[in-house]
Amino acid sequence: MNVLKHVDAHMDDLISDLQKLIQQPSVSAKNEGIEQCAKLVQKLLKSSGLKSEILRLKKGVAPIVFAEIKSKSNPDKTLMFYNHYDVQPAEPFDLWDDPPFSGVRKGNKIFGRGSTDDKGELITRIKAVESYLKTTGDVPCNIKFVIEGEEETGSAHIEEYLKKYRKKFSNDGVIWEFGYVDAKNRPIIGLGMKGLLFVELSVQESIRDAHSSLAVLIKNPAWRLVDAIKTLRDSNGKILIKDWYNEVTPFSKEDLKLIEKEPFDQNVFKKEFGINSFVDNKKNLDAKKALVGDATCNIAGFVSGYTGDGAKTVLPGSALVKIDFRLIPKMDPKKQVIRLKKHLKSHGFSDVKIKIFHGEAAARTDSTHPFVSQVKTAADKAFGKSILNVSNAGTGPMYPFVDILKSPCISIGSTYMFSRIHSPNEFARIDLLKKTTKCMCLIMENFGKY
Ligand SMILES: [Zn+2]
């Protein structure tokens, strides 16, 4: 039997294995079912013909499930699948139509926490390998699986794992843990992700809140913080911190061509969010370029004083703001933190306290790398069409893979854009699981050939 026909003929097995995975809760935020789920993943890998092992760093850190199979016909090239077996918490439970860990099937959909993110994605890859082994007795290239258990809490230890197991994880290309499929059933092939720097700035003026009549004498920490953050960014979104853009390079000609080709309907987008215009009044191509390659300084939240019903004349004692900066390639989070601190000091805001929560660099795979066309050809064949995206506007731990393993990373998968990941009634679409499994087979084949 041909490999793709094998996928068609065994969709029921894929579905029941996915249901088993969903039914094993694995909420990393609550350390619920993590060890049990890692064991279940090993069991599924084994029944698909893959040997696996549990890798550990230290106590309290979720294990990585690692699996490997060598190709007899082509032992010189290795493709790695990066996935995660942990899921987001299912709360609020009462907004689910069925219990969140039921894995119930309704028509073309399988519901449950993790059905798409990331257990649905994981199962398509395992089944693609299985289809090859069952029909040909071999795989077209060496295959490795790195399946972590802390992705939904920020992949705090992935870098340490990659450093410790650098040799074991060595490969020639990584397929990222997820990939979106748009409303027109086109998979989006993602070549990068932005980085992120998350900080908290705070001002403590007095030891307690005061009557607001005292505002004639006591400085207001909220005003102080507003004054400070106003210096970080102009009203068009440009970041004003000295040297912030120093290392950044412009888009290549190839990247620009891809961005021009990307579908983007600014009116649909605006309607979705009920807005009339974009930052800096950007339109069409400029809006697309911003999504792919602009850095941001975003106020995620601002807390101070009284924000309840009615009026309260209070002078708050403290104020706090949370800010996320999206970083673009070549921006080093550590350097940017130093620049931010220097900026506040040199603008006379030494009293503003800075707390750093998270720093992660952007990653991007060169669009002319042969791996890109191998994946694109496979996606076009499996889905009929596909879209190349130079960089996702969001962030994921892609940089350590590029930096430590020196691997090109591409995201492609079965995640329907509106499949409610991280929300109640998350679902996976069976038609997309099938197409994606075939796509993974074709990626392995193309990758092994060249
Ligand atoms: Zn997720």
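Residues numbered from 1 in each chain as written. Predicted model: local features only at pLDDT ≥ 70, side-chain atom pairs only at ≥ 80, totals over all residues. Heavy atoms only, no water.

1. Some points on the overall build of the protein
Looking only at helices and strands, one finds 13 helices and 21 strands in the protein. Buried positions account for 53% of the 450 residues belonging to the protein. Excluding contacts between residues fewer than 6 apart, the proportion of contacts in the protein whose partners are at least 24 apart in sequence is 81%. For the protein, the computed accessible surface area is about 21,200 Å², with 53% contributed by carbon and sulfur atoms. (Helix = DSSP H or I, 4+ residues; strand = E, 2+ residues; numbered from the N terminus. Buried < 20%, exposed > 50% of the residue type's maximum accessible area, 1.4 Å probe, protein only. Contact = heavy atoms within 4.5 Å. Areas by Shrake-Rupley, 256 points an atom, 1.4 Å probe, with all protein chains shown as cover.)

2. Thoughts on the layout of surface pockets
Space inside the second largest pocket adds up to approximately 460 Å³. Along the wall of the second largest pocket there are 18 residues; nearest its centre are Glu159, Gly359, Glu360, Ala361 and Tyr399. At the level of secondary structure, the elements contributing two or more residues to the lining of the second largest pocket comprise helix H5 (158-164), helix H10 (333-346), strand E15 (353-360) and helix H12 (399-404). Among the elements that make up the lining of the second largest pocket, the one with the highest residue count is H12 (4 residues). Taken together, domain 1 (3-191 + 365-449) and domain 2 (194-248 + 295-360) each give at least three residues to the lining of the second largest pocket, which thus spans both. (1 Å grid on protein atoms, 1.4 Å probe; cavity = no way out; pocket = protein on both sides within 12 Å on 5 of 7 lines; lining within 4 Å. Points joined across faces, edges and corners; volume = space filled by probe spheres on them. Domains from an automatic or database assignment.)

3. Considering the environment of Glu35
Along the polypeptide, Glu35 turns up in helix H3 (residues 34-47). Contact partners of Glu35, with chain neighbours within four places excluded, come to Arg56 and Pro63.

4. A look at the packing of aromatic side chains
In this structure the tally under the stated criterion is 18 aromatic pairs. Arranged with centres 5.3 Å apart and planes meeting at 40°, the rings of Phe269 and Phe273 form a pair that is tilted. Placement of the pair is Phe269 and Phe273 together in helix H8 (residues 266-273), with a separation of 4 residues, close to one helical turn. Taken together, Phe66, Tyr161, Tyr165 and Phe169 form an aromatic cluster joined through their ring pairs. The ring of Phe447 carries Lys77 above its face, with NZ or CZ at 4.1 Å from the centroid. Sitting above the plane of the Phe427 ring, Lys109 keeps its charged end 4.5 Å from the centroid. (Phe/Tyr/Trp six-rings, centres within 6.5 Å; stacked < 30°, edge-to-face > 60°. Lys NZ or Arg CZ within 6 Å of the ring centre and 35° of its normal.)

5. What about empty space enclosed by the protein?
Rolled over the atoms, a probe with the dimensions of a water molecule shows which regions are left empty. Taken as a whole and assessed by the stated rule, the structure comprises 1 cavity of 30 Å³ or more. Estimated volume of the largest cavity: approximately 60 Å³. As for the largest cavity, its lining consists of His6, Val7, His10, Met11, Leu14, Lys127, Glu130, Ser131 and Thr437. Sorting the residues of the lining of the largest cavity by element identifies helix H1 (3-9), helix H2 (11-23) and helix H4 (119-136) as the ones contributing at least two each.

6. Describing the UniProt feature "domain: Peptidase M20 dimerisation" (unreviewed entry) in the protein
Taken from the UniProt record, the annotation "domain: Peptidase M20 dimerisation" (unreviewed entry) applies to residues 193-348. Each end of residues 193-348 is marked by a C-alpha atom, and these two atoms are 34 Å apart; helix forms 33% of the span and strand 22%. (UniProt positions renumbered as here; feature names shortened; annotations may be inferred.)

7. Some words on H4
An α-helix turns once every 3.6 residues. As a result, residues three or four positions apart point the same way. With 18 residues, H4 ought to run about 26 Å at 1.5 Å a step, and its terminal C-alpha atoms sit 26 Å apart, in line with that. Of all 18 residues in H4, 15 are buried; the element is thus mostly enclosed. Gly137 sits one or two residues past H4 and shows a positive phi near 75°. (Expected span 1.5 Å × (residues − 1).)

8. Some details on the sheet that holds strand E7 (residues 173-175)
Strand pairing in a sheet relies on backbone hydrogen bonds. The paired strands run either parallel or antiparallel. Read across the open sheet, the 6 strands follow the order E1-E2-E6-E3-E7-E19; overall the sheet is mixed. Two strands in the sheet have a free side with no partner beyond their single neighbour: strand E1 (51-55) and strand E19 (409-410). Taken together, the 7 bridges between strand E3 (residues 78-84) and strand E6 (residues 142-148) define a ladder with parallel strand orientation. Looking at the pairing, Tyr82 lines up with Val146 of E6. (Pairing = 2+ DSSP bridges.)

9. Focus: the side chain of Arg186
Mapped onto the fold, Arg186 is located in the loop between strand E8 (180-181) and strand E9 (188-190). Side-chain polar atoms of Arg186 contact the side chain of Asp182, separated by 2.8 Å. Apart from the residues within four sequence positions on either side, Arg186 is in contact with Tyr180, Val181, Pro263, Lys385 and Ile387. (Polar contact = N/O pair within 3.5 Å; in protein donor to acceptor, adjacent residues only side chain to side chain.)

10. Here's the deal with the pattern of salt bridges
Taken as a whole and assessed by the stated rule, the structure comprises 24 salt bridges. Here Glu159 ties to Lys163 by a salt bridge, and the two come within 3.4 Å at their closest N and O atoms. Within this pair, Glu159 and its partner Lys163 are both found in helix H5, separated by 4 residues, close to a single helical turn. Salt-bridge contacts for Asp380 lead to Lys376; the nearest nitrogen and oxygen are separated by 3.3 Å. Remark: Lys376 and Asp380 occur in helix H11 (residues 370-383); sequence separation between them is 4 residues, near one turn of the helix. The class for Asp380 is partly exposed, based on a relative accessible area of 27%. Taken together, the shared-partner salt bridges in this structure form one network comprising Asp17, Lys20, Lys127, Glu130 and Lys134. (Salt bridge = Lys/Arg side-chain N within 4 Å of Asp/Glu carboxyl O.)

11. Looking at the environment of Thr377
Its place among the elements puts Thr377 in helix H11. For the pair formed by Thr377 and Leu327, sequence separation is 50 residues and the distance between their alpha carbons is 30 Å. Of note is the side chain of Thr377, whose polar atom sits 2.5 Å from the backbone oxygen of Ser373.

12. Notes on H11
When the terminal C-alpha atoms of H11 are compared, their 20 Å separation across 14 residues agrees well with the 20 Å that a helix rising 1.5 Å per residue should span. When we look at burial in H11, the residues that qualify are Phe371, Val372, Gln374, Val375, Ala378, Ala379, Ala382 and Phe383. Relative to the axis of H11, the buried residues are bounded by an arc of 165° and lie together on one face. One or two residues past the end of H11 sits Gly384, with phi positive at roughly 90°. (Arc of directions from axis to C-beta.)

13. Re the coordination of the zinc ion
Only Asp117 (OD), Glu152 (OE), Glu152 (OE) and His422 (NE2) from the protein coordinate the zinc ion, and they sit 1.9 to 2.6 Å from it. If you look at the zinc ion, its 4 donor atoms make angles of 53 to 139° with each other, and the shape they trace is irregular. Counting along the primary sequence, the residues that act as donors to the zinc ion give the motif D-x34-E-x269-H. One end of the pair, Glu152, is in the loop between E6 and H5; the other, His422, is in the loop between strand E20 (415-416) and strand E21 (427-429), and 270 residues separate them in sequence. For Glu152, a relative accessible area of 13% gives the class buried. (Donors = N, O, S within 2.8 Å, 3.2 Å for Na, K, Ca; no water. Tetrahedral: all angles 85-135°; square planar, octahedral: opposite > 155°, others 65-115°.)

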